[in-house]
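Coordinates in review
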Amino acid sequence: MSGDPVAVQETASADGATLSGGLAKGAGSLAEQRIAVATQWQLMWWRFRKHKLAAAGTIVLALFYLVAAFADFFAYADPQDSDAQRSLIAPQTIHWFDEGRFAPYVYALKGTRDPMTFKRVYKPDPSTKIPITFFARGEPYKLFGIIPADRHVLGVEGADTGKSLFLMGTDTQGRDLWSRLMFATRTSMTIGLVSVALSLVLGVVLGGISGYFGGTIDSVIQRIIEILRSIPTIPLWMGLAAAVPSDWSVVQVYFAITIIISLIGWTELARVVRGRFISLKHEDFVMAAELVGCSKSRIIFRHMVPSFISHIIAATTLAIPAIIISETSLSFLGLGLRPPAISWGVLLQDAQNIQALVISPWLLIPSFAVIVAVLAFNFMGDGIRDAADPYL
Amino acid sequence: MVAYIVRRMLLAVLTVWAISILSFIIIHLPPGDYVTSYIASMSASGSAVSEGEAAALREQLGLDQPITVQYFKWMGLTLRGNFGMAMEWGRPVVDVIGDRLSLTIVISLAAIIFTWAVALPIGIYSAVYRYSFLDYVFTFVGFIGLAIPGFLLALIVMYVGFAWFGANVGGLFSPEFAEAPWSLAKAWDLTKHLPIPAIVLGVAGTAQLIRIMRSNLLDELRKPYVMTARARGLPEHRVILRYPVRVALNPFVSTIGYLLPYVVSGSIIVSLVLSLPTVGPLLLKALIAQDMFLAGTIVLLLGVLTVIGTFISDLLLMWIDPRIRLGRQ
Amino acid sequence: MDKPLLSVRNLRTSFFQDEGTTKAVDGASFDVYAGKTLGIVGESGCGKSVTAQSILRIVDAPGRIVGGEIVLTRADGSQVDLVKLAPNGREIRAIRGGDIGLVFQEPMTSFSPVHTVGDQIVEAIRLHSGVSAKEARQRGIEVLGSVGIPKPERRIDEYSFELSGGLRQRAMIAVALSSNPRLLIADEPTTALDVTTQAQILDLMRKIQRERAMAIMLITHNLGVVAEMADDVVVMYLGRVVERGKVDDIFHDPKHPYTKALLQSIPSIESVPGVRLPTISGSIPHPFNRPRGCAFHPRCASFVPGRCDAADPAVTPIGHARSVSCFLYE
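**A look at the overall build of chain C**
- Counting its regular elements, chain C contains 11 helices and 12 strands.
- Relative to its length of 330 residues, chain C is compact, with a C-alpha radius of gyration of 21 Å against a globular reference of 20 Å.
- When the backbone C-alpha atoms are referred to their principal axes, chain C occupies close to 65 × 50 × 45 Å.
- Sequence separation of 24 or more characterises 61% of the internal contacts of chain C that already satisfy a separation of 6 or more.

Right, here's the structure in full:
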């Protein structure tokens, strides 16, 4: 009798059946072989790919981070350049075709004084066309802070970009909203990353200690987590954020807010990590490693951690949307980032006044950025979580 | 069972104490104290405050003593129901807070009721008719709800109300009832205004609960006892509702404990946008003015509120889960 | 011989998934007689449980009966084809629990964790006989007692997690018996129990069968249990019945190569020490990867190339109440 490795083959076939959707049906053994030797990450990637929403979310996020990295390039005007006379201009329509040719342009804006309100009102002037150029030269900036450059994604010919192009209109202080949105994307998307990194460290360390050692230290950490979870977060954040001195620099405030947000957010990650450690502690392979004589740290880092690292990645990705929302909320209230810093929340401060909003609805545009980013993170995180363990 | 109640109660007390310390620390974090900002606002309006006046003010308000002493004095007063003076208003904190705390409770409860009433049936439907058209619709809407922060939704609702209907949909009372004493008519007016804040507050929580209910129920539907129930000849709706739903309800109920702090804290910002006369706008003003007693008391009361709510949900869980009642892990 | 209580003819049940279609049961035919026990034997995945579920029409989606008939002879002599009944309709629901009772493998997870044993028994009784709650409770206590549960009037108010494994399985049997079914389907009733309890449960089942002249359909992969309990045996492989017959015939004179190999692989007290136990070579093919022709041919010691991998063997009767599906006998 042969004594075949029955178990391996059977599980290989089981996965082969679900994953070989793209491979020819009935090409049984070849697909099975691939599955049998595929690493954990390859399996995860195949499953993740099938999840269309997650794939869409990942692409969207990649775009967002592209903007964040190259904000200077994507913006075409100085985000801080304010001019009261340009306040609250509506977004300009781009006309794509000029007499049949593809040549985008906008109308110049002519300012007239409204006889009723005596306020300066801008109206498009059909007699003057300002052509839009791509990759135009504009304000100089430093790419990544070091490489000097002056190309921007858009610009205009024959006129000052900063005074003629307003793709998303302007805010109450006359600053171009599109350019500000680009920079806001940079800030809001990176605060999420820094904050979640901090939460991750706290969560993994405390959750790990709690789960691995158990006993009293576990109870103590658990109580702390429970207490933190039952405190309403927003009053706490508001309090902490209000405590940040108003004379701190923009960067200092940025980091202070980041730390504040991550101080509450670590509890969820700690719970996940602790749960994983507890369930893994009693697995046979851990006992086997102990019996062979592995040191504790080797067991933890080389045996236990790899089995749940994918869950941690999923939990971390899913924690980011909450952080983005918190920063946006705090800044919206005026307690988070403050001007001259630019984030989505700061941009939305202008939208607080409903009457003003009705006249200038474009002030709400940054909210779409928030919603899309949060959705994208949620989809991607869901995809990762399903790929890491479809039975969870 | 008794051990369970005692444990939860001890935890509740511990939590309240931790909250009190936290709120006290928060108030004292900013450099300077109430007197500093008082002086600043006085000089901004043109008048100056002398050193002597400042010192006297500090002594009067007890701000010149070490922090630990101040904390214990404050706790002592609070436990006796004396929440101190709201320095900016010059009136007792209790007066300033007034109705606002109860209104906060009212809209939080309304939001939770809304959340439950919507999440439960949709969650059940989504699990039983998985992958159906409606399931995809609900999942999609749920994701949107999850993605829009409360205040943004409030903003959009206000905008839509104003731009399309010309109405101010914010506020909890019609103008004639705003300052009026409580009466049946006022209560009815409040109820009429409740739906919008309740929905805005509840949407995010609803999306989350639907997902939890759906995944819990999906887990339970796979279990053998469902098939056994069917094999006994039960009609399908009873098979689902009496067994797996009942079991899936347990983790669902335990989520109330975390829903309450979430809703209460969400109400802070939403109240600001919708101009609701709750604790939220008051807290913001107090924090900016560094009005210690007012801000600290509000944070403390909010914390206590949520701890009580969590405790009640623990009791509820114990009541419906025989495994806890009979002490089995 | 009288008419069979339940007659399954060419039952086919398939599972339709995105990745492919699994023919869980692919043409099974057998009969169950009143007062007798039919043992259905086979490896995991051969379709025995799905057969039982098909009879009661409780196959989980995405599974569906795609062909065949299941003819039940009711107490009044009339016959009904269970396949043709509306799923979850009134008729089939009356039969579930009423004419046919089902006992599952895992007593722990087969009871609701949040309802008492009594809740579930009383519900079943009232469903099939419409008596008052008090009377149903009385009957429940009686039937709990009849399966050997001590102090049934106390146990009826307990939760399943408060009972031991053996008591739980007895309680499961009690629930299945509570409306006096004429056929008891037991799906691996003793697999989750230790050997002593196993023996007790089997004794209990035999006793009940004698008292009520009930038919039992016993599904198991344990040949020892089959030898002890069954009157007739059906051997299944990959959704098909490969051999059928009386228990003595099957055990002492197996015909199908699979049956022979199964019986050979049972360790015996008479085995020569030091000699390797015979096993069946190869492994069960993945359901999406069914071999062409006879499903067993890749592992068959008597494989005939050109014949066994080209067509399906037909069911060949070979003597009194015996049949086999193998080209060797055609």
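There is more to say, and it comes next.
**Details of the sheet that holds strand E2 (residues 20-32) of chain C**
Residue and element names in this part refer to chain C.
- The antiparallel open sheet is built from 4 strands, whose spatial order is E2-E1-E4-E5. Of all the strands in the sheet, the pair left with one neighbour each is E2 and strand E5 (79-81). Taken pair by pair, the neighbouring strands of this sheet meet at an average axis angle of 10 degrees, ignoring direction.
- Strand direction decides the pairing type here: strand E4 (residues 63-73) and E5, joined by 3 bridges, are antiparallel. Bridge pairing links Val-71 to Asp-81 in E5.
- Across the sheet, helix H1 (residues 48-55) is in contact with strand E1 (6-17), E2 and E4; its angle to E2 comes to roughly 70 degrees.

**What about helix H15 (residues 279-289) of chain B?**
- Of all the residues in H15 of chain B, the buried ones are Val-279, Gly-280, Leu-282, Leu-283, Leu-284, Ala-286 and Leu-287 of chain B.
- After H15 of chain B finishes, the residue Gln-290 of chain B shows a positive phi value of roughly 55 degrees.

**A look at the environment of Gly-171 of chain B**
Residues and elements named next belong to chain B.
- Within the secondary structure layout, Gly-171 lies in the loop between helix H8 (150-165) and helix H9 (184-193).
- Residue classification places Gly-171 among the partly exposed residues on the basis of 15 C-beta atoms within 10 Å.
- If sequence neighbours within four positions are ignored, Gly-171 has contacts with His-193, Ser-275 and Leu-276.

**Regarding the interface of chain B and chain A**
- The partner chain A presents 33 residues to the 41 residues of chain B that form the contact.
- Here the residues of the side of chain B that touches chain A are counted per class, giving 34 nonpolar, 7 polar and no charged.

**Thoughts on the interface of chain B and chain C**
- The interface is formed by 19 residues belonging to chain B together with 23 residues belonging to chain C.
- Among the secondary structure elements, those contributing two or more residues to the side of chain B that touches chain C are helix H11 (224-231), helix H13 (244-254) and helix H17 (322-325) of chain B.
- When residues of the side of chain B that touches chain C are assigned to their parent elements, the largest contribution, 6 residues, is made by H11 of chain B.
- Class assignment for the residues of the side of chain B that touches chain C results in 9 nonpolar, 2 polar and 8 charged.

**Re unusual backbone geometry**
All names here are of chain C.
- In this model, Asn-180 sits at a positive phi of 55 degrees, which is unusual for a non-glycine residue.
- Backbone geometry places Ala-213, a non-glycine residue, at a positive phi of 50 degrees.
- Residue classification places Ala-213 among the exposed residues on the basis of 10 C-beta atoms within 10 Å.

**Some remarks on the pairing of strand E8 (residues 215-220) of chain C**
Residue and element names in this part refer to chain C.
- For E8, the tally of buried residues reaches 6 of 6 residues, placing the bulk of the element in the interior.
- Burial along E8 is two-sided: the residues Ala-215, Met-217 and Ile-219 and Ile-216, Leu-218 and Thr-220 are all buried.
- In this structure, strand E3 (residues 37-41) lies alongside E8, joined through 5 bridges in parallel fashion. Paired with Gly-39 across the bridge in E8 is Leu-218.
- By the bridge criterion, 5 bridges tie strand E7 (residues 183-187) to E8 in an arrangement that is parallel. Bridge pairing in E8 places Leu-183 opposite Ala-215.
- With respect to chirality, the unit in which E7 leads through helix H8 (residues 195-212) into the neighbouring parallel E8 is right-handed.

So, how was this worked out
- Residues numbered from 1 in each chain as written.
- Chains lettered and ligands numbered in written order.
- Predicted model: local features only at pLDDT ≥ 70, side-chain atom pairs only at ≥ 80, totals over all residues.
- Helix = DSSP H or I, 4+ residues; strand = E, 2+ residues; numbered from the N terminus.
- Rg over C-alpha atoms; globule rule 2.2 N^0.38 Å.
- Contact = placed C-beta atoms within 7 Å.
- Pairing = 2+ DSSP bridges.
- Axes fitted to C-alpha atoms, helices over the stretch in contact; angles between N-to-C directions.
- Buried ≥ 20, exposed ≤ 12 C-beta atoms within 10 Å, placed from the backbone.
- Nonpolar A, V, L, I, M, F, W, Y, C, P; charged D, E, K, R; others polar.
- Right-handed = clockwise from strand over helix to strand, strands pointing away.

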